[in-house]
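Now for the letters of each chain:
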Amino acid sequence: DAEGDKSFYIQELLRRWEECTSKEKGIKFPINAEHIHRFSPKLYTHMVNFPTEVIPIFDRELWNVSMRELQAEPEDLGVCQVQVHGLLEKDSKVMRSMNPGDIEKLMS
């Protein structure tokens, strides 16, 4: 494929790996939560309500995509860590207005 034929996030992923000086150490990869919401409101809701379950799945799948796109061997690539930013306004709270029930939710 030509670089222009790839989606925004695949291009970003390839760029992150290209800029990475030590591939064995892995990468941190920012994802805009609004993009997730546009793609699937249900996935977004699960991500916000169950981040400890959903984000590790994102990490693993990002690593799998990296392996495929880079045609790398598993020992050649470190972990991929997704960093979610840009939650919808309804999911953004001021620290003082958080409830104990919010402790396991993704907040910004």
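Residues numbered from 1 in each chain as written. Predicted model: local features only at pLDDT ≥ 70, side-chain atom pairs only at ≥ 80, totals over all residues. Heavy atoms only, no water.

**Q** Outline unusual backbone geometry, supporting the account with residue identities and numerical values.
**A** The backbone of Gln71 shows a phi angle near 50°, a positive value even though the residue is not glycine. Overall, the relative accessible area of 73% leaves Gln71 in the exposed class. (Buried < 20%, exposed > 50% of the residue type's maximum accessible area, 1.4 Å probe, protein only.)

**Q** Summarise the pattern of salt bridges; cite the residues concerned and give the values.
**A** Under the defined criterion, the tally for this structure stands at 4 salt bridges. Residue Arg15 is joined to Glu19 by a salt bridge in which the shortest nitrogen-to-oxygen separation is 2.7 Å. Taken together, the residues Arg15 and Glu19, both in helix α1 (residues 8-19) and 4 residues apart, mark about one turn of the helix. One network of salt bridges, with partners in common, ties together Glu12, Arg15 and Glu19. (Salt bridge = Lys/Arg side-chain N within 4 Å of Asp/Glu carboxyl O. Helix = DSSP H or I, 4+ residues; strand = E, 2+ residues; numbered from the N terminus.)

**Q** Tell me what's going on with helix α4 (residues 51-70), and back it up with residues and numbers.
**A** Over its 20 residues, α4 runs 27 Å from end to end, which matches the ideal 28 Å to within 8%, given 1.5 Å per residue. All buried positions along α4 are accounted for by Pro51, Val54, Ile55, Phe58, Asp59, Leu62, Val65, Ser66 and Met67. Here the buried face of α4 lies against α1, β1 (27-32), α2 (33-39), α3 (41-49) and β2 (80-85). Gln71 lies just past α4 and shows a positive phi near 50°. (Expected span 1.5 Å × (residues − 1). Contact = heavy atoms within 4.5 Å.)

**Q** So, the nonpolar core: which residues are in play, and what are the values?
**A** Judged by nonpolar contacts, the single largest core of 24 residues is most densely connected at Leu13, Trp17, Ile27, Tyr44 and Met47. Mapped by element, the contributors of at least two residues to this core are α1, β1, α2, α3, α4 and β2. Counting residues per element, this core draws most heavily on α4, which supplies 5 residues. Discounting chain neighbours no more than four positions away, the residues touching Leu13 are Ile27, Phe29, Leu62, Val65 and Ser66. (Core = buried A, V, L, I, M, F, W, Y, C linked by side-chain atoms within 4.5 Å.)

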